[in-house]
Amino acid sequence: MIDIHTHIAPGIDDGSPDLEVSVAAVKAAADAGITEIVLTPHYMRGSYVNPRSKLEALLPELKKAVNDAGIEMQFHLGSEIMLESDILKEIKEDRLLMGDTKYVLVESSMNGFPQFFIQALYDLVRNGYKPILAHPERYMNIQNNIPMAEDLLYRNVYMQINAGSLLGGYGNNVERTAWALIEQGYAHFLASDHHGRSETNSMQQAVELITERYDEYTAELLTRINPRKMLNNEEIDYFYLSTAEINEDDNRSSFKKMLDFLWKR
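Now for a quick tour of the structure. (Residues numbered from 1 in each chain as written. Predicted model: local features only at pLDDT ≥ 70, side-chain atom pairs only at ≥ 80, totals over all residues. Heavy atoms only, no water.)

**Focus: the side chain of N226**
Heads up, the condition is: Starting at the N terminus, helices and strands are each numbered in turn, a helix being any DSSP run of H or I of at least four residues and a strand any DSSP run of E of at least two. Two N or O atoms count as a polar contact when they lie within 3.5 Å, although within protein this holds only if one can serve as hydrogen donor and the other as acceptor, and sequence-adjacent residues are included solely when both atoms are side-chain atoms. Throughout, a contact is declared for two residues whenever any of their heavy atoms are within 4.5 Å.
You can see N226 is positioned in helix α10 (residues 216–231). Side-chain polar atoms of N226 contact the backbone oxygen of H188, separated by 3.0 Å. Ignoring sequence-local partners within four residues, the contact set of N226 consists of H188, F189, L221 and I236.

**Things to note about the sheet that holds strand β2 (residues 36–39)**
Formally: One bridge is not enough; two strands pair if DSSP finds at least two bridges between them. Under this scheme, a helix contributes an axis fitted over its contacting stretch, all axes are lines through C-alpha atoms, and angles between N-to-C directions fall in the 0 to 180 degree range.
Within the open sheet, the three strands sit side by side as β1-β2-β4. Their pairing is parallel. The open sheet is flanked by β1 (2–6) and β4 (74–77), the only strands paired with a single partner. Sheet twist, expressed as the mean angle between neighbouring strand axes with direction ignored, is 25 degrees. Bridge count for β1 against β2 is three bridges, and the pairing is parallel. Bridge assignment links T6 to a residue of β2, and that residue is L39.

**Observations concerning helix α4 (residues 117–126)**
For the record, the criterion: Type-normalised accessible area, obtained with a 1.4 Å probe on protein chains alone, sets the label of each residue: buried when under 20%, exposed when over 50%, and partly exposed for intermediate values. Comment: arc refers to directions from the helix axis out to C-beta atoms.
What α4 keeps buried is the set F117, A120, L121, D123 and L124. Each buried residue of α4 lies within a common arc of 155 degrees when the element is viewed along its axis, so the set occupies one face. Buried residues belonging to α4 abut α3 (88–93), β6 (103–107), β7 (130–134) and α6 (147–154). Within two residues after α4, G128 carries a phi angle of roughly 90 degrees, on the positive side.

**Focus: the sheet that holds β7**
Across the sheet, which stays open at both edges, the six strands sit in the order β3-β5-β6-β7-β8-β9 with parallel pairing between neighbours. Whereas interior strands pair on both sides, the edge strands pair on one side only; in this sheet they are β3 (42–43) and β9 (189–191).

**A short note on the side chain of N162**
Locating N162 in the fold gives a position in strand β8 (residues 158–162). For N162, a relative accessible area of 0% translates into the label buried. Here N162 is in contact with H5, H135, E137, R138, Y170, L190, A191 and D193, once residues within four sequence places are set aside.

**Re the packing of helix α1 (residues 19–31) against helix α2 (residues 52–68)**
Defined as follows: Oblique is the label for any angle not under 35 degrees, not over 145, and not in the 65 to 115 range, which are roughly parallel, roughly antiparallel and roughly perpendicular in turn. For any helix crossing, the convention is left-handed if the near helix is rotated counterclockwise from the far helix by under a right angle, and right-handed if that rotation is clockwise. Residues are grouped as follows: nonpolar covers Ala, Val, Leu, Ile, Met, Phe, Trp, Tyr, Cys and Pro; charged covers Asp, Glu, Lys and Arg; every other residue, Gly included, is treated as polar.
Running from N to C, α1 and α2 cross one another at 60 degrees; their axes reach a closest spacing of 10 Å. The angle between α1 and α2 places the two elements in the oblique class. The two elements α1 and α2 meet at a crossing, and its hand is right-handed. Only E61, L62, A65 and V66 of α2 make contact with α1, whose side of the interface consists of L19, S22, V23 and V26. Residues that form the contact of α1 with α2 fall into these classes: six nonpolar, one polar and one charged.

**Description of the pattern of salt bridges**
Quick note on the threshold: Just to be clear on terms, a salt bridge is a Lys or Arg side-chain nitrogen sitting within 4 Å of an Asp or Glu carboxyl oxygen.
This structure, assessed with the given rule, holds 12 salt bridges. Two residues, R126 and D123, come together in a salt bridge whose shortest N-O distance is 3.2 Å. In this pair, R126 and D123 are both assigned in helix α4, three residues apart and thus about one turn of the helix distant. Overall, D123 belongs to the buried group, its relative accessible area being 15%. Between R138 and D193 there is a salt bridge, with the nearest N and O atoms lying 3.9 Å from each other. Remark: D193 occurs in the loop between β9 and α9 (203–213) and R138 occurs in the loop between β7 and α5 (140–143); sequence separation between them is 55 residues.

**Quick word on the packing of α9 against α10**
Where α9 contacts α10, the axes come no closer than 7 Å and their chain directions differ by 140 degrees. Our pair here, α9 against α10, has a crossing hand that is right-handed. Packed against α9, whose contacting residues are M203, V207, I210 and T211, the element α10 presents E216, T218, A219, L222 and T223 at the interface. Its residues assigned to classes, the contact of α9 with α10 comprises five nonpolar, three polar and one charged.

**Describing the nonpolar core**
Short version of the rule: Among buried residues, the Ala, Val, Leu, Ile, Met, Phe, Trp, Tyr and Cys ones that are joined through side-chain atoms within 4.5 Å form a nonpolar core.
Counting 63 residues, the largest nonpolar core has L39 and L190 as its most contacted members. A per-element tally of this core places α2 first, with six residues. In this structure L190 touches I2, I161, N162, A163, L166, M203, A206, V207, I210, L222 and T223, once residues within four positions along its chain are discounted. Counting 15 residues, the second largest nonpolar core, distinct from the first, contains V38, Y103, F189 and M230.

Next up, the structure:
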């Protein structure tokens, strides 16, 4: 598996505080079947400013410690970017990209999207970037309105579900929303969002649940196929389920959904 969202780089955000904790987190990932990790520390104005150069500087020490511990793991560099109305400049200058790609992992306020939310995403897309919205199931806007996730897909935004959300780690509302997004085919990635606070990694358990409830292919799509495409900077389908496969609440036709979307714009 490839884990595209982690906070295990030592000492640079609210995740792992030091190298020892980072190595333990990498071991937990390896034990869960993860072979590649994207380091995505927060990029948050006023709190955590982590340009690519900072990650590049600490990576050799992390790699050496992991190798010395006898753990096999491949690392990629990335960021989890707090959306701001004018964040585009920093993304370009500080290289806040997922690996060497045009994909960017972004987040927003949990308690309500700011007024500039849609415009900021549009600016990214218009400039050739491919935004991935981190843990959409944790945002109140989407919890209260699952179709909003579909609207974001039409706006060329991908979705990354947290493994812990499927296990109830963030509460019932988040768990319900996460499973609903997978049910509707609105999820493209599954990731740990691991902060080094646990000696275990939730990815394997979440994959087992997805396989049990749906099928092995869905688990593969979210943890291997799409993450590999992302790292290769390849195109990923926004919509991958046929209408017949989706249990829709309102029975709207795909054509009417498109008209509704165009009307909203």
